[in-house]
Amino acid sequence: MTEERTAETNGSRSFEERVFARFDGMDERFERIELRIEKLEMKQYDTKPIWEQALAAIAETNRVMAAGFDALRAETATTNARMDAGFDALRAEIKVSDDALRAEIATTNARMDAGFDKIRTDFDFAWRSIERKIDVLNHNILDLQAEQRYVDSRLEKLESPPKPS
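Rules behind the numbers
Residues numbered from 1 in each chain as written. Predicted model: local features only at pLDDT ≥ 70, side-chain atom pairs only at ≥ 80, totals over all residues. Heavy atoms only, no water. Helix = DSSP H or I, 4+ residues; strand = E, 2+ residues; numbered from the N terminus. Buried < 20%, exposed > 50% of the residue type's maximum accessible area, 1.4 Å probe, protein only. Areas by Shrake-Rupley, 256 points an atom, 1.4 Å probe, with all protein chains shown as cover. Phe/Tyr/Trp six-rings, centres within 6.5 Å; stacked < 30°, edge-to-face > 60°. Patch = residues over 30% accessible without salt bridge, like charges linked within 9 Å, V, L, I, M, F, W, Y side chains within 5 Å. Salt bridge = Lys/Arg side-chain N within 4 Å of Asp/Glu carboxyl O. Lys, Arg positive; Asp, Glu negative; His and termini not counted. Charge placed at Lys NZ, Arg CZ, Asp CG, Glu CD.

Looking only at helices and strands, the chain features 2 helices and 0 strands. For the chain, with 165 residues in total, the buried portion stands at 1%. Taken as a whole, the chain presents about 16,100 Å² of accessible surface, with 60% of it coming from carbon and sulfur.

The tally for this structure, following the rule as stated, stands at 1 aromatic pair. Ring centres of phenylalanine 123 and tryptophan 127 lie 6.2 Å apart, and the angle between their planes is 85°; this geometry places the pair in the edge-to-face category. Within this pair, phenylalanine 123 and its partner tryptophan 127 are both found in helix H2 (residues 15-159), separated by 4 residues, close to a single helical turn. Judged by its relative accessible area of 48%, tryptophan 127 is partly exposed.

The subject of this paragraph is a nonpolar patch on the surface. Together, Phe20, Phe23, Met26, Phe30, Ile33 and Ile37 make up an exposed nonpolar region whose accessible area comes to about 610 Å². On the secondary structure map, isoleucine 33 appears in helix H2. Overall, isoleucine 33 belongs to the partly exposed group, its relative accessible area being 42%.

Throughout the structure, instances matching the rule amount to 6 salt bridges. For arginine 91, the salt bridge goes to aspartate 88, with nearest N and O atoms at 2.9 Å. Of this pair, arginine 91 and aspartate 88 both sit in helix H2, 3 residues apart, which is roughly one turn of that helix. Its relative accessible area of 53% is what places arginine 91 among the exposed residues. Here lysine 118 makes a salt bridge to aspartate 122, at a shortest N to O gap of 3.1 Å. Remark: aspartate 122 and lysine 118 occur in helix H2; sequence separation between them is 4 residues, near one turn of the helix. For aspartate 122, a relative accessible area of 40% corresponds to the partly exposed category.

Okay, a negative patch on the surface next. Taken together, the side chains of Asp24, Asp27, Glu28, Glu31, Glu34, Glu38 and Glu41 define an acidic patch exposed on the protein surface. Residue placement: aspartate 27 occurs in helix H2.

Structure below.
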């Protein structure tokens, strides 16, 4: 068995032929790799105009955006000026309305104070009247209780059994 394997390995080509065949295979692979590298390098050179175009487009976009921002700033400044003028007018109107409202509130407060004073006077009079009526009522109740005691005591004397004599 050992002899047959050796014969298979050494039988067809010599060692040098096999080594040279390997070198030839490696040369072919290196050539393919070099071709691929050349193609990639060519693509790199081909993309340079694309990058230049992209950079030009970016620069144009930046210019357009800067112009738009300048226009926006100007429009914002105009809007701010209009809003400031409107707020100033509104503040003046509120001031006038505020003064009128304060005067109306002062008038209402004076009327309410006068009304409360009248109510206070009427209340005092009503309480005094109620106090007098309660005093009269208490006096009448006391008189009635006294009379009731007198009547009770007389009735008790009349109803009591006669004492043996």
